[in-house]
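Letter by letter, the chains look like this.
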Amino acid sequence: MNHPQLQDLVLLGGGHAHALLIAQWCMAPVAGVRLTLISPDALTPYSGMLPGLVAGHYSVDDTHIDLDRLCATAGFRFIRARATGLDLAAQQVLLADRPPLGFDLLSVNIGATPSLTVPGAHTYATPVKPISQFYPRWQAIKAQLALHPEARIGLVGGGAATVELACAMRAQAPKAHIAIYLEDHLPLTGYSQHFRARAHAELNRRRIDVHGNCRITQVDADQVRTDTRAFAVDHLFWCTQAAGPEWLQTTGLRLDAQGFILVNDRLQSVSHPRVFAAGDIASLLGQTRPKAGVFAVRQAPVLTHNLRALLLAQPLRRYRAQRAFLSLLSLGDGVALGTRAGGWLPTLAGRWVWRWKDRIDRRFMAMFTHLVPRQMAPGTAPNDALWGDQTPPPSAAAMRCGGCGAKVGAKVLAQVVHQLDTIERAEVRIGLNDPDDAAVLQWPTEAVLVQSVDQFRALVDDPFVQGQLAALHALSDVFAMRAEPHSAQALVTLPYAREALQVRDLTQLMAGALQVLNGAHCQLTGGHTSEGAELSMGFAVNGLARGPLLTKAGLCVGDHLILTKPLGTGCLFAARAQRATKGRWVHKALVHMLQSNGPAAELLARHGARACTDVTGFGLVGHLSEMLRASHLSARLQLNRLPALDGALACLAKGYVSSLQTQNLQARAAVKSASQWESDPRFALLFDPQTSGGLLAGVPANQVAPLLVALTAAGLQGVDIGVVTPVDDHLIALVDAER
């Protein structure tokens, strides 16, 4: 039996310290501790390589840690969400557009952001952090520089990042006018005078103007101003005045004057001992140091130890920040400067210094791409300290029962159900809030009842998203038949866990599901919850149809086959389970998967669709074959038109397929001359099982063009992938216009 999850350790932010913590923790996992990373982005940049990215030395993949892939490898849950606050009394992270996420122990590593307090800066300047917003802006400016190569680029700030970015921009914009505006007389305050002078000389050599003793007081659309001067700029980047996010001010955490979390030498909040912080967001009491990535890297081992130690009631370690650190600055053209900031080391310069820096940076990134976690020994029992306020059960009593003994306890259900806010329909006489054994519905006499049920194991780490997916997937059958969702009952299996964790999971699941159900005007009337080895969720749904149904039978010769979502969820998530996909692929797939089929179904019906089904577990060929058999017809598919999710074909090419793919391939008998097409990269896509896939419909030829226009106008996708033909000896013939 899997050991129960007892404590939630939540990492807020995907900075260097947390990335290293994840890599280190999975080398010595702790039974009973559930680990979760929250970040608004699936990719987190390595700041040391950002100038190289801007200069064109590296790709985005070279310079970013893939948090989704790292978490999948290390056994962490990854939740892509934006934090908006903390409720420390309730031990919750407040998140945008979704319920708060509970924690037992919290670590914060969200970095710092430039403070745009100068009038006009917020409107006209581009902050260099977060990098996820800066880099697309830089890419757009590069495109403009092709038309206006002599544009004026300004950077406000005088630190190492400003110097490196200015040089990197020069490498990509040789004719632009580039200037740095800083309050000190020279860049790199805190470095030796010799190093600062050398850096200034290197900037001059690259025709980068340095305006020292220049405090910017106003930013306008085309200029920056001091008290006495104005400088014309076309593009302005803000690299100074770092601060913590505004929402930290309302958390109750003790902060320093710049809004950073004050921590002691154990990296523990001085006001809330179950909150830790590291990296730029942390302000170490009594150890003032510059904001530099090297400190986050050095803090990671101490942070990892202390979080584990606090959970296990063991002594914590002290962290002492070094006073001097190696600093290597890229100058954008294959040359770098080096010194030991805060210590003694002569100024180093040359291409060999850049190669040295490049080796260091690539070695750092390799830690995350070649990670091999250590497996926990079978039967490892959680430490008694992790049970918190619950009494650890004796080993015999820890066995989980079957039958009704496997139900989730009434206390857990009571805490969750009273929070649920479901819509109400007049036909529901007895529903979720009524203490009875079953729901009771009074069905309209003029309507027919459409029923379906779907349930699947968790596909994603995030229970809120899992709830959304489960509801959307279940409703698709109803939408495909041109019925209106009416009511639903939930089927939930929660992993073995302490009561508090089960409450958290069920709250997230049901909140995600209700967002979808309520949006479809579908009332949740009840459900069943049990314990099991892993999380799963599904719904039995009722639909109401007052008009003609759309079934799989009804295709006509000449109908065009319209597919409303790209294919590839099966192979993508199979690759993710084997740590072989990219976080941005998963994110883009989820964007499609979280799109309801309701609007597409309505447009299909409005444009005369004669048959429809949703493409799910049996793949495109499996579901199309069902339609063709029911209609006694065949079809010709345009293989090159099949829409594929980003990364799907790459995953298939490397042999990553769903566990259901082998069974789905049995349907290849329906495909004419299937063996001739096996080498085509899209052939395997025909059999890929879809979760929350799109609709497949037969539409009259004269309605295809207006339908596709309507789908696009609604923000939906529609692809004409083939045509229905008279019955043949094979159900499906493949063609490819590119062959």
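Sequence order sets the numbering: in each chain, residues are counted from 1 along the sequence as written. In view of the model being predicted, local features appear only for residues whose pLDDT reaches at least 70, and side-chain atom pairs are presented and counted only at 80 or more, with totals across whole chains, interfaces and linings using the full set of residues. The side-chain numbers reported here are obtained from all heavy atoms of the structure, hydrogens and water having been left aside.

## Some remarks on the overall build of the chain
(1) Moving on: Secondary structure elements follow DSSP: runs of H or I no shorter than four residues count as helices, runs of E no shorter than two count as strands, and numbering proceeds from the N terminus. A count of helical and extended segments in the chain gives 20 helices and 37 strands.
(2) Moving on: Its C-alpha atoms give the chain a radius of gyration of 29 Å, near enough to 27 Å, the size a compact globule of 739 residues would have.
(3) Moving on: Dimensions of the chain, computed from C-alpha atoms along their principal axes, come out at roughly 85 × 65 × 45 Å.
(4) Moving on: When checking whether two residues touch, look at their non-hydrogen atoms; a contact exists if any pair is within 4.5 Å. Once local pairs closer than 6 in sequence are excluded, the contacts in the chain between residues at least 24 apart make up 76%.
(5) Moving on: Counting every atom, the chain has about 31,100 Å² of accessible surface; 52% of that belongs to carbon and sulfur.
(6) Moving on: Positive and negative side-chain charges in the chain, numbering 66 and 57 respectively, have mean positions lying 9 Å apart. Only the C-alpha atoms count toward the radius of gyration. The rule for a globule is 2.2 Å times the residue count to the power 0.38. With residues, only the protein chains shown are counted as cover, and all accessible areas are computed by Shrake-Rupley using a 1.4 Å probe. Note that His is not counted, nor are the chain ends; the positive residues are Lys and Arg, and the negative ones are Asp and Glu. Just so you know, the charge point we use is NZ for Lys, CZ for Arg, CG for Asp and CD for Glu.

## Observations regarding the UniProt feature "domain: PurM-like C-terminal" (unreviewed entry) in the chain
(1) Moving on: UniProt positions are given in the numbering used here, feature names are shortened, and annotations may be inferred rather than shown by experiment. Sequence positions flagged by UniProt for "domain: PurM-like C-terminal" (unreviewed entry) are, in local numbering, residues 557-728.
(2) Moving on: When the span residues 557-728 is considered, its composition is 36% helix and 15% strand, and the gap between its end C-alpha atoms is 12 Å.

## Describing the pairing of strand E13 (residues 177-181)
(1) Moving on: Any residue under 20% of the maximum accessible area for its type is buried, any over 50% is exposed, and the rest in between are partly exposed; the area is computed with a 1.4 Å probe on protein chains only. Of all 5 residues in E13, 4 are buried, a share of seventy percent or more.
(2) Moving on: Where strand E12 (residues 152-156) meets E13, 5 bridges bridge the pair, whose relative direction is parallel. Note that in E13 the partner of Arg152 across the bridge is His177.
(3) Moving on: Handedness of a crossover: with both strands directed away from the viewer, a clockwise path from the first strand across the helix to the second marks it as right-handed. What joins E13 to strand E14 (residues 208-211) is helix H8 (residues 193-205), and the crossover it makes is right-handed. A pair of strands is considered paired only if DSSP assigns at least 2 bridges between the two.

## Brief notes about the packing of helix H1 (residues 16-25) against helix H10 (residues 351-369)
(1) Moving on: Remark: H1 packs on H10, axes separated minimally by 10 Å, with the N-to-C direction vectors making an angle of 50 degrees. The pairing of H1 with H10 is recorded here as oblique in orientation. With respect to the hand of their crossing, H1 and H10 are arranged in left-handed fashion. Each of Ala19, Leu20 and Ala23 in H1 lies in contact with H10, whose residues at this interface are Phe364, Met367 and Phe368.
(2) Moving on: Considering only residue class, the contact of H1 with H10 consists of 6 nonpolar, no polar and no charged. As a rule, the C-alpha atoms of each element are fitted with a line to give its axis, helices using only the stretch in contact, and angles between N-to-C directions run from 0 to 180 degrees. If an angle is under 35 degrees, it is roughly parallel; if it is over 145, roughly antiparallel; if it lies from 65 to 115, roughly perpendicular; otherwise it is oblique. Crossing chirality is assigned from the near helix's rotation relative to the far helix, an anticlockwise turn below a right angle marking it left-handed and a clockwise turn marking it right-handed. Residues are grouped as follows: Ala, Val, Leu, Ile, Met, Phe, Trp, Tyr, Cys and Pro are nonpolar; Asp, Glu, Lys and Arg are charged; every other residue, Gly included, is polar.

## Considerations on the side chain of Ser39
(1) Moving on: Topologically, Ser39 is positioned in strand E2 (residues 33-39).
(2) Moving on: Judged by relative accessible area, Ser39 falls into the buried class, the value being 6%.
(3) Moving on: The contacts of Ser39, once residues within four sequence positions are left out, are Gly14, Leu67, Phe78, Ile79, Arg80 and Ala81.

## A word on empty space enclosed by the protein
(1) Moving on: Put simply, the grid is 1 Å and covers the protein atoms alone, a cavity is a trapped set of points that fit a 1.4 Å probe, a pocket is an open set with protein on both sides within 12 Å along at least five of seven lines, and lining residues have an atom within 4 Å of a point. Grid points are joined across faces, edges and corners, and a volume is the space filled by probe spheres set on the points. A full pass over the atoms with the stated rule returns 1 cavity of 30 Å³ or more.
(2) Moving on: Counted as a void, the largest cavity has a volume near 30 Å³.
(3) Moving on: Lining the largest cavity are Gly48, Met49, Pro51, Gly52, Tyr58, Ser330, Trp354 and Lys357.
(4) Moving on: Elements that contribute at least two residues to the lining of the largest cavity include exactly helix H2 (50-55) and H10.
(5) Moving on: Class assignment for the residues of the lining of the largest cavity results in 4 nonpolar, 3 polar and 1 charged.
(6) Moving on: Domain segmentation is taken from an automatic or database assignment of domains. Of the residues that make up the lining of the largest cavity, three or more belong to each of domain 1 (7-112 + 244-322) and domain 2 (113-241 + 325-371).

## What about a nonpolar patch on the surface?
(1) Moving on: Excluding any residue in a salt bridge, patches collect residues exceeding 30% relative accessible area, merging like charges within 9 Å and nonpolar Val, Leu, Ile, Met, Phe, Trp and Tyr side chains within 5 Å. In what follows, salt bridge is the name for a side-chain nitrogen of Lys or Arg lying within 4 Å of a carboxyl oxygen of Asp or Glu. Side chains of Leu326, Trp344 and Leu345 sit close together on the surface and give an oily, nonpolar patch of about 340 Å² of accessible area.
(2) Moving on: Mapped onto the elements, Leu345 comes out in the loop between strand E24 (336-341) and strand E25 (348-350).

## Let's talk about the pairing of strand E36 (residues 719-725)
(1) Moving on: Within E36, 7 of the 7 residues are buried, which leaves it mostly tucked inside the rest of the structure.
(2) Moving on: Pairing of strand E32 (residues 560-563) with E36 involves 4 bridges; the strand directions are antiparallel. Pairing of His560 across the sheet is with Val723, part of E36.
(3) Moving on: Relative to E36, strand E34 (residues 634-638) runs antiparallel, the two sharing 4 bridges. Opposite Ser634, over in E36, you have Thr725 as the bridge partner.

## Digging into the domain arrangement of the chain
(1) Moving on: By the assigned domains, the chain splits into domain 1 (7-112 + 244-322), domain 2 (113-241 + 325-371), domain 3 (407-549) and domain 4 (552-738).
(2) Moving on: Between domain 2 and domain 3, the C-alpha centre-to-centre distance is 53 Å.

## Things to note about the sheet that holds strand E29 (residues 484-495)
(1) Moving on: The 4 strands are arranged E28-E31-E29-E30 in an open sheet whose pairing can be described as mixed. Where the open sheet ends on each side, the last strands, each with one partner, are strand E28 (448-457) and strand E30 (523-532). Adjacent strand axes in the sheet meet at a mean angle of 15 degrees when their direction is disregarded.
(2) Moving on: Pairing geometry for E29 and E30, over 9 bridges, is parallel. For Gln489, the partnering residue across the bridge sits in E30 and is Gly526.
(3) Moving on: Running at roughly 35 degrees to strand E31 (residues 536-545), helix H12 (residues 463-480) makes contact with E28, E29 and E31 of the sheet.
(4) Moving on: Strands in contact with helix H13 (residues 499-519) are E29, E30 and E31; relative to E29, the strand with the most contacts, it is inclined by about 160 degrees.

## Points about the sheet that holds strand E17 (residues 230-232)
(1) Moving on: One open sheet holds the 3 strands; their spatial order is E15-E16-E17, and the pairing between them is antiparallel. Bordering the open sheet on either side are strand E15 (218-219) and E17, each of which pairs with just one other strand.
(2) Moving on: Strand direction decides the pairing type here: E15 and strand E16 (residues 223-225), joined by 2 bridges, are antiparallel. Across the sheet, residue Gln218 finds its bridge partner in E16, namely Arg225.

## Points about a positive patch on the surface
(1) Moving on: Taken together, Arg351, Arg355, Arg359 and Arg363 make up a surface patch of like positive charges.
(2) Moving on: Tracing the backbone through its elements, the reader meets Arg351 in helix H10.

## Overview of the packing of aromatic side chains
Two descriptors summarise a pair of aromatic rings, namely the distance from one centre to the other and the angle between the planes of the rings.
(1) Moving on: We call Phe, Tyr and Trp rings a pair once their centres come within 6.5 Å, taking the six-membered ring for Trp, and we label the pair stacked below 30 degrees between planes, edge-to-face above 60, and tilted otherwise. Within this structure, the stated rule accounts for 9 aromatic pairs.
(2) Moving on: With a centroid separation of 5.0 Å and an interplanar angle of 50 degrees, the aromatic rings of Tyr181 and Phe231 are classed as tilted. Remark: Phe231 occurs in strand E17 and Tyr181 occurs in strand E13; sequence separation between them is 50 residues.
(3) Moving on: Over the ring of Trp25 we find Arg308; its NZ or CZ atom is 4.4 Å from the centre of that ring. By the criterion adopted, a ring carries a charge over it if an Arg CZ or a Lys NZ lies within 6 Å of its centre and within 35 degrees of its normal.

## Focus: a negative patch on the surface
(1) Moving on: A cluster of acidic side chains, namely Asp421, Glu424, Asp434, Asp436 and Asp437, defines a negative patch on the protein surface.
(2) Moving on: Note on placement: Asp434 falls in the loop between strand E26 (428-430) and strand E27 (440-441).
(3) Moving on: The class for Asp434 is partly exposed, based on a relative accessible area of 35%.

## Considerations on the pattern of salt bridges
(1) Moving on: With the rule as written, the count across this model stands at 35 salt bridges.
(2) Moving on: Close ionic contact of Asp505 with Arg77 constitutes a salt bridge, the shortest N to O distance being 3.5 Å. Remark: Arg77 occurs in strand E5 (residues 77-80) and Asp505 occurs in helix H13; sequence separation between them is 428 residues.
(3) Moving on: For Asp505, a relative accessible area of 4% puts it in the buried group.
(4) Moving on: On the accessibility criterion, Arg77 (12% relative accessible area) is buried.
(5) Moving on: The shortest N-O distance in the salt bridge between Arg546 and Glu484 comes to 4.0 Å. Separated by 62 residues along the polypeptide, Arg546 in the loop between E31 and E32 and Glu484 in strand E29 bring together distant segments of the chain.
(6) Moving on: Ionic contacts of the salt-bridge type, sharing partners, join the residues Asp8, Arg34, Arg77, Asp104, Arg498, Arg504 and Asp505 into one network.

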